[in-house]
Amino acid sequence: MPPEAGRSTDEVTYLEAIRQALWEEMERDEAVFCLGEDIGAYGGAFQITKGFVERFGEARTLDTPISESCIVGVATGAALIGFRPVAEMQFGDFIACGFDQVVNQAATLRYRYGGRQTVPIVIRCPCGAGVHGGLYHSQQPEAWFVHRPGLKVVAPATPYDAKGLLKAAIRDDNPVLYFEHKGLYRRIKGPVGDAETVVPLGVADIKRPGDALTVVTYGAMVHPCLEAAARLADAESVEAEVLDLRTLAPLDREAILTSVRKTSKVAIVHEASRTCGVGAEVAAFVAEEAFEDLDGPIVRVTTPDVHLAPFSPPLEEYVLPNTEKIFAALRKLAAY
Amino acid sequence: MRAPKLSDDQLQEMYHALRLSRAFEERLSLLHRQGKILGGIYSGIGQEAITVGSAYGLRREDFISPLHRDLGALLVKGVPPGVLMAQVFGKRDGLSRGKDSYLHSGDTSLGVYGNTSMLGSNLPVACGLAYGFKLRSQDHVVVAYFGEGAANYGDVHEAMNFAAIQRLGIVFVCENNLYAYSTPFEKAFAIPEVSVRAQAYGFPGVDVYGNDLLRVYAATQRAIARARAGEGPTLIECKTFRWHGHSEHDKASYRTEEELLEWKARDPIPQFERYLTEKRLLNDASRDEMTARVEREIDEAVAFAESSPWPEGPEALEDIYAP
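### Structural notes on the overall build of chain B
Scanning chain B from N- to C-terminus turns up twelve helices and seven strands. Over its C-alpha atoms chain B spans a radius of gyration of 19 Å, differing by no more than 12% from the 20 Å that the globule rule assigns to 323 residues. The principal-axis extent of the C-alpha atoms belonging to chain B is close to 55 × 50 × 40 Å. Taken across its 323 residues, chain B has 58% of its residues classed as buried. Counting every atom, chain B has about 13100 Å² of accessible surface; 51% of that belongs to carbon and sulfur. Where the 36 positive side-chain charges of chain B centre and where its 44 negative ones centre are 3 Å apart.

This is how it looks when you write it as structure tokens:
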């Protein structure tokens, strides 16, 4: 069953956008194939690859045993001889089981080959909390990989970006970790580009323009940030600029600086836990490069340093950032 | 299935590879003692029959995935000795242009996937190469090496299981040299042989005396033929012994002198030389000639490495990402 085809203005879910990107890239390029647990006849735990076996066959929609290390290694090996594999970690949490293959094999390959080799693999990591997944189905481990040179890391927030970034990731010659947020799969709808619409890696996007303060965010947190910014505009006539990083490695440092220099204030919002999270790098970077431009403290709204995510709804809601918490932080920063 | 019969020229070629590998590693030890090279040297002296015997006769498109003691396999696969020496020296003409040492690099155009220090983690990647060949309906094979120490690493299990399910064209060569760094086989295994594990995955496991070049060659060729025919993987366990310590600074005091002497008496090179002599392919004069030839080749490799420039500091920041 092909994806819900249509014009580029048709609204589709975030999940469907990912599915379209995969489908279209597999149609476009024989070198692209998918592998992962339960992705074949079953269509994947989230049904992203539903219908792929019928169209592309079992060899290109490869069902694997529960062996994450092997999945990443197989992708890396196939990439060495010209394939562009897309590996699925059923849940992003499970990438810990394939960690060595990601950070020591794939990430270092080009470097230790003296630049004579490319490693075009994509590892899809369904991530994120807010769905009562508990400790092993909610993690946001992106910072582990942002810290490791040789890897690119993306985290789309909208169907358009999800599709365009996945296409860019598949066409990129580096290992790319693609953190798709489970909480957005069926909750967010929007237009997507056509088969050739690619969202370049490493380019942030202003999701809402503003001049009073900058909110740097990515992934699922883009949405509560937009809600909080809208509320701030309504309540206080303060226009917050919401900058969606989209790619975490390489970081669009220029876009951050440009926005912060315009607004003089910055809040950083992410779902991952605080210490050494992506926000810590953004904060340090802004302090190093734009200290003179700042007119207030650098503020972070993140999950505290707890395991993502405690299971019981009151516990999960207590730790996760949400519109209310972000709004309060932005209002305080605006008034500083 | 019988192994293909070797011509006299092929036997001479294998002899050259054995001697070159030995001479190369002896020179590395010497240079290390002289303080002329940095970093660890992980000698495979004593194990040459395995690396040469298993890699010999592979196609250019076939891959090897060697470990840190498998210099012989790289030489057989066609990596120029000078380039390998420059790699060890950390020079710009090495495979990794100074980015990492020893065998942590490779050359896809020659069919070489170099490993990292996470021993055994090369096997999933080797499976990926073999899966790629399968996707393209090519009958190229992958020969993937691991030590008995690495056999207990989880990736080895994941890779063998996957290779079995997919009937991949891969040959797993376990070099059982009886010690993983200082840990003897008995402290790491409750089974008599690593090869018995193949049964649990559903493919043949064979046990071969690893110091006999022709036996290793024959066993590997049978496994390669099976792999090319689409019948799936084979595990070949080659019993052997490393003469040196884990690395050159390791005096290997955890082993007995008798043990070492016993294995040195089983040196794979004189054993093969006896065979060649019986076949009238070798005599004292041609043996000396070979000694001079490989010494010359190693001298040239060292000269090449010494004259190769050091990379410049800022090159450390290159090659992290593809453009």
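Now that the structure is up, let's keep going.
### Topic: the packing of helix α8 (residues 253–263) of chain A against helix α9 (residues 278–290) of chain A
All names here are of chain A. Axis separation between α8 and α9 bottoms out at 11 Å; the angle between their running directions is 60°. The handedness of the crossing between α8 and α9 comes out as right-handed. On α9, the residues touching R253, I256, L257, V260 and R261 of α8 are E281, V282, F285, V286, E289 and A290. Classifying every residue of the contact of α8 with α9 gives seven nonpolar, no polar and four charged.

### Some points on the packing of aromatic side chains
Counting across every chain of the model gives 25 aromatic pairs over all chains. Ring pairs connect the aromatic residues Y14, F46, F91, F94 and Y185 of chain A, which therefore count as one cluster. Here the basic side chain of R266 of chain B rests over the ring of W263 of chain B, its NZ or CZ set 4.3 Å away from the ring centre.

### Notes on the sheet that holds strand β1 (residues 63–65) of chain B
To summarise the sheet geometry, strands pair through backbone hydrogen bonds and adopt either a parallel or an antiparallel arrangement. All names here are of chain B. Reading across from one edge, β1-β2-β3-β7-β6 is the order of the five strands in this open sheet, with parallel pairing throughout. Of all strands in the sheet, those bounded by a partner on one side alone are β1 and β6 (205–209). Neighbouring strand axes in the sheet, compared pairwise and without regard to direction, differ in orientation by 20° on average. Of the pairings in the sheet, the one linking strand β2 (residues 142–147) to strand β3 (residues 170–176) comprises six bridges and is parallel in character. Looking at β3, one finds that V142 is bridged to I170. Along the sheet, helix α9 (residues 213–228) contacts β2, β3, β6 and β7 (234–239); its crossing angle with β7, the most-contacted strand, is approximately 170°.

### Observations regarding helix α4 (residues 81–89) of chain B
Since the α-helix advances by 3.6 residues per turn, residues separated by three or four positions end up pointing in the same direction. Residue and element names in this part refer to chain B. In terms of burial, α4 is largely enclosed, as eight of its nine residues are buried. Along α4, the residues that are buried comprise G82, V83, L84, M85, A86, Q87, V88 and F89. Structurally, α4 contributes buried residues whose contacts are with α1 (8–33), α3 (71–77) and α12 (284–307). Following α4 by one or two positions, G90 adopts a phi angle in the positive range, close to 75°.

### Focus on empty space enclosed by the protein
Residue and element names in this part refer to chain A. On inspection of all chains with the given rule, the structure shows three cavities of 30 Å³ or more. For the largest cavity, the calculated volume is near 90 Å³. A total of three residues in the lining of the largest cavity trace back to one element, the largest contributor, which is strand β7 (residues 176–181). Residues that form the lining of the largest cavity fall into these classes: eight nonpolar, four polar and three charged.

### Concerning the pattern of salt bridges
Under the definition given, this model contains 42 salt bridges over all chains. Across the salt bridge formed by D267 of chain B and R22 of chain B, the nearest N and O atoms sit 3.0 Å from each other. You can see D267 of chain B sitting in the loop between α10 (257–264) and α11 (268–278) and its partner R22 of chain B sitting in helix α1, a full 245 residues away along the chain. Residue D267 of chain B is classed as buried on the basis of its relative accessible area of 11%. R22 of chain B gets classed as buried once you look at its relative accessible area, which sits at 8%. The partner of E193 of chain B in a salt bridge is K239 of chain B, and the shortest N-O contact between them spans 3.7 Å. Pair noted here: E193 of chain B is in the loop between α7 (185–188) and α8 (197–201) and K239 of chain B is in strand β7, with a separation of 46 residues, a long-range link. Linked through salt bridges whose partners overlap, the residues forming this network are E24, E25, R28, K163, K167, R171 and E196 of chain A.

### Examining the interface of chain A and chain B
Contacts between chain A and chain B engage 42 residues on the former and 44 residues on the latter. For the pair chain A and chain B, the two sides together bury roughly 3300 Å², of which 59% comes from carbon and sulfur. Summed over the three residues of chain A that lose the most area to chain B, namely I81, Y111 and R112 of chain A, the buried surface amounts to 21% of that side. In this assembly, chain A and chain B are joined by zero salt bridges. Our count for the chain A to chain B interface comes out at 28 residue pairs in polar contact (both at pLDDT 80 or more).

Conventions adopted
- Residues numbered from 1 in each chain as written.
- Chains lettered and ligands numbered in written order.
- Predicted model: local features only at pLDDT ≥ 70, side-chain atom pairs only at ≥ 80, totals over all residues.
- Heavy atoms only, no water.
- Helix = DSSP H or I, 4+ residues; strand = E, 2+ residues; numbered from the N terminus.
- Rg over C-alpha atoms; globule rule 2.2 N^0.38 Å.
- Buried < 20%, exposed > 50% of the residue type's maximum accessible area, 1.4 Å probe, protein only.
- Areas by Shrake-Rupley, 256 points an atom, 1.4 Å probe, with all protein chains shown as cover.
- Lys, Arg positive; Asp, Glu negative; His and termini not counted.
- Charge placed at Lys NZ, Arg CZ, Asp CG, Glu CD.
- Axes fitted to C-alpha atoms, helices over the stretch in contact; angles between N-to-C directions.
- Left-handed = near helix turned anticlockwise from the far one by under 90°.
- Contact = heavy atoms within 4.5 Å.
- Nonpolar A, V, L, I, M, F, W, Y, C, P; charged D, E, K, R; others polar.
- Phe/Tyr/Trp six-rings, centres within 6.5 Å; stacked < 30°, edge-to-face > 60°.
- Lys NZ or Arg CZ within 6 Å of the ring centre and 35° of its normal.
- Pairing = 2+ DSSP bridges.
- 1 Å grid on protein atoms, 1.4 Å probe; cavity = no way out; pocket = protein on both sides within 12 Å on 5 of 7 lines; lining within 4 Å.
- Points joined across faces, edges and corners; volume = space filled by probe spheres on them.
- Salt bridge = Lys/Arg side-chain N within 4 Å of Asp/Glu carboxyl O.
- Buried area = accessible area lost by both parts, 1.4 Å probe.
- Polar contact = N/O pair within 3.5 Å; in protein donor to acceptor, adjacent residues only side chain to side chain.

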